[in-house]
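Fold and contact review
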Amino acid sequence: MPLSTTDKKFLKKLKELAPKSTCLRAKVAAIAVKGSKVLATGDNSFHPCYDCNIIGCIRDIQQIPSGERREICYGICAEQRLFSNAVKEGVKLAGATLYVTSHPCRICEGLIAESGIVRVVYIKGYPDVIPLYDTLKDYKIEVVKAPEEEDDRPHEASTI
């Protein structure tokens with residue numbers, strides 16, 4: 001299915017939001033939209049009390065590949081921050097479209113499925129997608145891969 005004008009508008013906003021992430025490894029952002037209204041946003045910044053610029057990226061230090069051992073990171077997924085921001089504001093996400101820089105990880109797929117989001121538009125792939133157990137597909141959530149002009153590779157570990 002081709003991208004709509006609205007999709008292109010929010011993908012552009014997504015590309016403006018992602019570089020603001022404080023994560024040293026990957027710049028990921030998410031925007032939840034219903035109609036043409038932004039419901040919530042999030043990025044994968046580290047928690048303010050754990051400044052990775054000072055302490056270093058624990059995933060790089062331990063040489064952990066992208067898509068593995070996500071639980072040790074000092075940041076959270078852009079989707080998780082988006083959900084947290086929505087909860088703090090009392091915003092319901094049912095019926096929304098989620099625009100996200102990278103395909104959601106397995107944990108975020110479950111959160112998306114349970115939230116009532118009906119559509120996910122992503123730009124880059126993610127290493128832990130398991131086609132046999134595709135939560136988004138099984139919940140009948142429409143998933144759209146948007147084109148990326150410059151770099152269509154999944155995000156990878158940095159070379160620090």
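To keep things clear, this report deals only with the structure shown in the data block.

Thresholds, definitions, all that
Residues numbered from 1 in each chain as written. Predicted model: local features only at pLDDT ≥ 70, side-chain atom pairs only at ≥ 80, totals over all residues. Heavy atoms only, no water. Helix = DSSP H or I, 4+ residues; strand = E, 2+ residues; numbered from the N terminus. Buried < 20%, exposed > 50% of the residue type's maximum accessible area, 1.4 Å probe, protein only. Contact = heavy atoms within 4.5 Å. Areas by Shrake-Rupley, 256 points an atom, 1.4 Å probe, with all protein chains shown as cover. Pairing = 2+ DSSP bridges. Axes fitted to C-alpha atoms, helices over the stretch in contact; angles between N-to-C directions.

What to know about the overall build of the chain
- Of the regular secondary structure elements, the chain holds six helices and five strands.
- Listed by position from the N terminus, the elements making up the chain come as α-β-β-α-α-α-β-α-β-α-β.
- Looking at the chain as a whole, 47% of its 160 residues are labelled buried.
- When contacts within the chain are restricted to residue pairs at least 6 apart in sequence, those whose partners lie at least 24 apart make up 57%.
- Summed over its atoms, the accessible surface of the chain is roughly 8,900 Å², and 56% of this surface lies on carbon and sulfur atoms.

A look at the sheet that holds strand S2 (residues 37-43)
- Ordered by their spatial adjacency, five strands build an open sheet running S2-S1-S3-S4-S5, and the pairing between neighbours is mixed. Either end of the sheet is taken by a strand with one partner, and the two such strands are S2 and strand S5 (142-145). Taken over all neighbouring pairs, the strand axes of this sheet differ in orientation by 15 degrees on average, direction set aside.
- Here strand S1 (residues 29-34) pairs with strand S3 (residues 97-102) via four bridges, running antiparallel. The residue bridging alanine 32 from the neighbouring strand is leucine 98, located in S3.

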